[in-house]
Structure formats: C-alpha cells, structure tokens
Amino acid sequence: MTERVVLAYSGGLDTSVCIGWIAEETGAEVIAVAVDVGQGGEDLDVIRKRALACGAVEAEVADAKDEFADEYCLPAIKANALYMDRYPLVSALSRPVIVKHLVAAARKHGADTVAHGCTGKGNDQVRFEAGIASLAPDLNCIAPVRDYAMTRDAAIAFAESKGLPIETTRKSPYSIDQNVFGRAVETGFLEDIWNAPIEDVYDYTENPATPREADEVVITFDKGVPVAVDGRPVTVLQAIQQLNERAGAQGIGRIDMVEDRLVGIKSREVYEAPGAIALITAHQELENVTLERELARYKRQVEQRWSELVYDGLWFSPLKRALDGFVAEANEHVSGDIRMTLHGGRAVVTGRRSQESLYDFNLATYDTGDTFDQSMAKGFIEIFGMSSRIAAKRDLGQ
C-alpha cells in the first residue's frame, strides 16, 4: 500500500511545491488540508482545486472560523492572553485548530505522516509538531522547507519545471500570517529594528493619526463571553469581526515589538489585532469590577503562564488544560457591560456596569453616605506593618 502524507496546505508557493516535492522525495501520496480560520484571501474551493492540480490525490477544506473563535480565541480573551504583555497570540492560537484538522484527516485517510511548510527558525514548527505529538503520538512529522533545505529559489525552479498552476514571480517584501483574530507581518526592511513600519505594512487598521470622529461601543459579557455589541446579540466570531471593523477603523491594535521566539532568537514583529485588543481591554476592565482581589492578583500570574504555554506550542499540554479550568472558574462572575471610546489608536474604557459587581458605592464614596468605618484603619495598619517594623528594628540595631 502506498504511504500517505497529510499536508497543511495554504495555497501559496511553498506548500504547493511541497505536494510534488514530498511525492518525489518519499514516494508517498499527498492529501492537502486547508483550514479557514478567517484569513480571507482566496476562496477555499479555489485552493482545493489548486492542490489537486499540483498533484494531491485528495484535498480537503474546512470552514473552522466559528470553531476557531469559540474554542481558541475565546479562551484567550478569558485569559487576557498577551505574550510579553503585548501580543495577543494571533498565529499561535490558529495552529492547534489546524493541527486538530490535520490529525483528523490523517486518521480518515490512513496517513502515517503529517507535513507542514514551516522553516527551522520559527515558532510554528514547534506548534505543529508538539500539537500533533499530543493528539496523535504515533504520527510522524516532516517539514520539507526545513528538512530538505527547500529555498525559495529552489521552490520557484521546481514549480516552473513541473508547470504548477501557481504564481512564482511576484514576491511580497513581507512574510504575512493572518486570521480573524489578527495579522502578523515580518521580514523585509522590518528586520532592521531601527526602521519604522510604513503604512503599506498594515491592512486591518487605518492610520490612527488621521483625524476622524470617535466611536463609542458597549460590549456585553456573560461569564467572560462577549455576547452583545451595542445591545445586539453576537456570536464570538461576530464580536471579533465587528470589533475588527470598528476598532480597526480607529487604528487600534497596532503592535510593533521585538519578541523572544521559542527557538532562542529575538524577532521583530508587527501585528494588527484590533478586535482582539478591544475585547481583551474590555474584558480586563470587567474583571477589575467583578473579581475578588486575591483571585485577580493570582489570575494575572496564570495569564502570563497561559500565554507562554500557548506561544510555545503547548496548547494540548497537561498544564495548559489545568490552567484552562482555573481561567473558566475565574470567569464565572465576569458578566456585565463595558463602554469604550474607540479613537486615535486607543480603546479607552469610560463606563462599567454589572449585576456581579464588587464595587460598593457606599464604601468607596468620600461624601455623605460613607459606610466605611475609618476608625478601624489605625489598628489594621499596626498589625499589617508589624513584621516589617520588627525586622527594621533588628536591621537598624534598635
């Protein structure tokens, strides 16, 4: 029986060439799998037909936009997930859902190997292969670009020699990965970290410096889930899409950073994530209103570790699953409305209301109606500072 390889297929040059390359190098039949996570661009059926024209014996396409939003983006919103306190895990979140569909296709078609088009320098190779190892430890993984040193020049030459139906001459100066949660741009002149991004780098966001009217929005959450925008019910996918449009029109969600890659190098990345940043900003503020202090403090530690695990490709790891349980429990009371003004590249919270609020006006006010017993404060401070005072006397020789 001829061996079969399932290939994560994007429809671009590299993965189109991988189809024939894998067949020649291994003698295996290739099943191409394309997953729609809201990246836009070409129609999935066009991509499927291209895979077949490039030599795939079968090609599958999956519309995973709602699955991606509900099962991957939503946990990130609940976790306020920002790698290095800035990056909302745009690419990292999409890899495990693609992995899930690759493994399902491998089982369906009797394949024993999964292939992807990643290089040996990036994070995605780890995300794919660690994910596959967690879901299907019996499957092998290959990466032609990495394993067979498939340079772009070699890929173009191969495509031309085989007459593949793929554009091989036009080359974007950037490497771009995008989905409904955001867009990642790297390489080209951006590799010089002194060079500022220019406007043609961006696609999801308008220039925040352009004068325009502010946009006010109210986002409603139920147990951490965005369920309405300006009072109109939405799915998680619709919430992201609507905030992408509205926050993007105000230039919100532009991120230019040098980040620590898992493989040990620093990389300059430019991100756009208007919907993600707006939703996480709103969710964080609603937690400020509804989470008890010690829970809120500890959750911030969990959020950092959760983000690191997802960035590092360990979505399916035991620790990540355990932290998911904590995040879900912490969101049990995160319900209510957040009002924000979207303008000038910023999403600024201007109002909060919640039936689950821990904010007590009568305790907080300094005016008539104050119910806080200030006479208790002196004794509290005495006891709270006692250990420090005792240590200070010792250290000062008193």
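It should be emphasised that the depicted structure is a prediction, and the values quoted were computed from it without experimental measurement.

Each value, and the rule that gives it
Residues numbered from 1 in each chain as written. Predicted model: local features only at pLDDT ≥ 70, side-chain atom pairs only at ≥ 80, totals over all residues. Heavy atoms only, no water. 1 Å grid on protein atoms, 1.4 Å probe; cavity = no way out; pocket = protein on both sides within 12 Å on 5 of 7 lines; lining within 4 Å. Points joined across faces, edges and corners; volume = space filled by probe spheres on them. Helix = DSSP H or I, 4+ residues; strand = E, 2+ residues; numbered from the N terminus. Patch = residues over 30% accessible without salt bridge, like charges linked within 9 Å, V, L, I, M, F, W, Y side chains within 5 Å. Areas by Shrake-Rupley, 256 points an atom, 1.4 Å probe, with all protein chains shown as cover. Salt bridge = Lys/Arg side-chain N within 4 Å of Asp/Glu carboxyl O. Buried < 20%, exposed > 50% of the residue type's maximum accessible area, 1.4 Å probe, protein only. Axes fitted to C-alpha atoms, helices over the stretch in contact; angles between N-to-C directions. Parallel < 35°, antiparallel > 145°, perpendicular 65-115°, else oblique. Contact = heavy atoms within 4.5 Å. Nonpolar A, V, L, I, M, F, W, Y, C, P; charged D, E, K, R; others polar.

(A) Structural context of empty space enclosed by the protein. In the structure shown here, the tally under the stated rule is 1 cavity of 30 Å³ or more. Quantified by volume, the largest cavity comes out at close to 50 Å³. Together, A92, R95, P96, R127, G131, V310, G313, L314, W315 and F316 line the largest cavity. Breaking the lining of the largest cavity down by element, the ones donating at least two residues are α4 (90–109) and α5 (124–135). Here the lining of the largest cavity gets 3 residues from one element, more than from any other, and that element is α4.

(B) Fine view of a nonpolar patch on the surface. Among the surface-exposed residues, F380, I381 and F384 lie close enough to one another that they form a single nonpolar patch of about 390 Å² accessible area. Its location among the elements puts F384 in helix α13 (residues 377–384). For F384, a relative accessible area of 64% gives the class exposed.

(C) Region of interest: the pattern of salt bridges. As enumerated under the stated definition, the model contains 36 salt bridges in all. A salt bridge links R339 to E216, with the nearest nitrogen and oxygen atoms 4.0 Å apart. Taken together, the positions of R339 in strand β13 (residues 336–343) and E216 in strand β8 (residues 215–222) put the pair 123 residues apart, joining distant regions of the chain. Linked through salt bridges whose partners overlap, the residues forming this network are R95, D124, R127 and D177.

(D) Main features of the packing of helix α1 (residues 13–26) against helix α7 (residues 152–162). Where α1 contacts α7, the axes come no closer than 10 Å and their chain directions differ by 70°. Between α1 and α7, the crossing angle belongs to the class labelled roughly perpendicular. In this structure, α1 uses L13, D14, V17, G20, W21 and E24 to contact α7, whose residues at the interface are R152, A154, A155, I156, F158, A159 and K162. Class assignment of the residues belonging to the contact of α1 with α7 gives a composition of 8 nonpolar, 1 polar and 4 charged.

Honestly, that's just the spatial picture; any functional story needs more than this.
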